[in-house]
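Structural features, examined
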Amino acid sequence: MPIPSAHLLLRFCPMLILLLIAWPDTASAWDEEGHAIVTLLAHDKIPSDMPDWLRTPKVRSRLVYLSSEPDRWRGQHNAHLDHANKPDHYLDVEGLTQFGLTLQTMPLLRRQFTDHIAEHRAGHPTAEDKTLGQGRDRDYVKHVPGLLPYEIAEIQWTIAASWTQLKTYEAHADRVSPAMIENAKENIVYHMGILSHFVGDGSQPLHLTHHHNGWTGENPNGYTTDSSFHAFIDDGVVSLHRISYDDLIDRSKAARKVSTDDYWKEIAAYLQETNNLVEPLYQLEKSGELRREKGKRFIEDRLIDGGAMLAGVWEAAFRGAHLDEFRVRRLKERYPRTPGRKRMAAKENAATSME
Ligand SMILES: [Zn+2]
C-alpha cells in the first residue's frame, strides 16, 4: 500500500496541521516547554479589542517558537552577544542591597543603573573588582546583579513602536503597499515572542535571586546547596509532573493590569512577587513536597502567573501605540496616494494577513 505523501496528509488532515502548528519544535526540553506554556496561556488572554490577525494558528505558533529564542542566543558563545544577552535573563534581587538599591528603587533606565553600580564600585573597591568582566566573566554576569526589568520594559516599548508603525500605515493605507503593512505586523509578532521569553523568566523564582544555583551564604535552615537545583526547576520538575498547557487552561488567569504610565512599578511588583517565592521553593525542595502534588501546583502557578503578566504587557504595548507624525509627513512626501488602494489593502489584509 502506498504511503501518502506529507502534502496529501496535510491537505486532508486539518487536525494534523493544527497539531504541527501548535506544538513547539522541541517539546521534550522543559525550558522551551515552560516558555511555550506561558506563551499559549497569554495568547488565550489577548483582549478582544486587539486585532483578530493576532489570533491565527500561524501567529500562535510563531510566538511559541520565539519564546525560547533568547536562550538560543546563548549557544553561539560569542562575547558580544553574551555580554548583551546574558544579564537580561535575571535579577539577583538580594544583590541590589550592596549598591544601596531595592527592586522598587532601581533607576528607571538601564544605563543609569550600570552607571550607579560603576560609581558605587569606584567608591567601595574590593578584590573581586579586578576579575569583573575578565576571563570567564566576559559576559559581565558578575558585573551587574542582572538586568531583567530593563529588558522587559524596553521590549514593551519596542512592541509599542511596532504597533505605532502599523497604526500609521493603516491610517494612510492609500500611500503604503500591503507588503509594508505585512512587515509591520511581522515585527509586532517578533517582538511579542521575544518578550514572552523574558516575562517567562520573570516567573521563575531562581531567576530573581542570588540563590540561583542552590542556597548560598548563611544557611540556618539547611536548604539545598546543590548547584543542579536550577536545572531541576528549569528542566526536570515540569517533566516530572508532566505539566502541560492543556492541564492549565481551566486555571489560567486574565491579563494582569499593566499600564502605559506605571509599567515600571508594575514590572517591579511582578518580579518582587516572584522573588518572594524563593524561600518557599527551597522549603518545598527540603520537605520533598516539590516532587509531590504541592510542588506541581507551585510550578503550575508560576507558569500561570507568567502567562497573565505576559498578556498584560502585550496589552500595555498595544495601548502605547500612536500615530507617528514624522512618518506620516514622510509618507505624504514620498508616496503618492493611490486611489482605491486603501480599500484594496484593507480587503487584502483581512483576507490574507498572517494566516
Ligand atoms: Zn532566559
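Structural data are supplied above this passage.
The text that follows walks through the structure, step by step, so that each part is easy to find. (Residues numbered from 1 in each chain as written. Predicted model: local features only at pLDDT ≥ 70, side-chain atom pairs only at ≥ 80, totals over all residues. Heavy atoms only, no water.)

Some words on the coordination of the zinc ion
Note on the zinc ion: its protein donors are H89 (ND1), H197 (NE2) and D201 (OD). The metal-donor distances range over 2.0 to 2.2 Å. Taken in sequence order, the residues that donate to the zinc ion follow the motif H-x107-H-x3-D. Of this pair, H197 and D201 are both found in helix α9 (residues 178-201), four residues apart, which corresponds to roughly one turn of the helix. Given a relative accessible area of 4%, D201 falls into the buried group. (Donors = N, O, S within 2.8 Å, 3.2 Å for Na, K, Ca; no water. Helix = DSSP H or I, 4+ residues; strand = E, 2+ residues; numbered from the N terminus. Buried < 20%, exposed > 50% of the residue type's maximum accessible area, 1.4 Å probe, protein only.)

Here's the deal with the packing of aromatic side chains
Applying the stated criterion to the full structure yields nine aromatic pairs. Measuring from centroid to centroid gives 5.1 Å for W215 and Y282, while their planes differ by 85 degrees, and the two rings are edge-to-face. With W215 in the loop between α9 and α10 (229-240) and Y282 in helix α13 (residues 278-287), the pair connects residues that are 67 residues apart, well separated along the chain. Summarising the burial analysis for this pair, W215 and Y282 share the class buried. Between Y223 and Y282, the ring centres sit 5.9 Å apart and the planes meet at 50 degrees, which makes this aromatic pair tilted. Taken together, the positions of Y223 in the loop between α9 and α10 and Y282 in helix α13 put the pair 59 residues apart, joining distant regions of the chain. In this pair, the class of Y223 matches that of Y282, namely buried. (Phe/Tyr/Trp six-rings, centres within 6.5 Å; stacked < 30°, edge-to-face > 60°.)

With respect to the pattern of salt bridges
Per the stated rule, a full pass over the model turns up 17 salt bridges. A salt bridge links E300 to R251, with the nearest nitrogen and oxygen atoms 2.6 Å apart. One end of the pair, E300, is in helix α14 (residues 293-319); the other, R251, is in the loop between α11 (245-248) and α12 (263-275), and 49 residues separate them in sequence. Taking the relative accessible area as the measure of exposure, E300 reaches 5% and is therefore buried. We note a salt bridge from R251 to D301, for which the minimum N-O separation is 2.8 Å. Of this pair, R251 sits in the loop between α11 and α12 while D301 sits in helix α14; the two residues are 50 residues apart in sequence, bridging distant segments of the chain. Its relative accessible area of 26% is what places R251 among the partly exposed residues. Of the residues examined, D301 reaches a relative accessible area of 30% and is grouped as partly exposed. Each of D88, R110, E151 and E154 takes part in a single network of salt bridges with overlapping partners. (Salt bridge = Lys/Arg side-chain N within 4 Å of Asp/Glu carboxyl O.)

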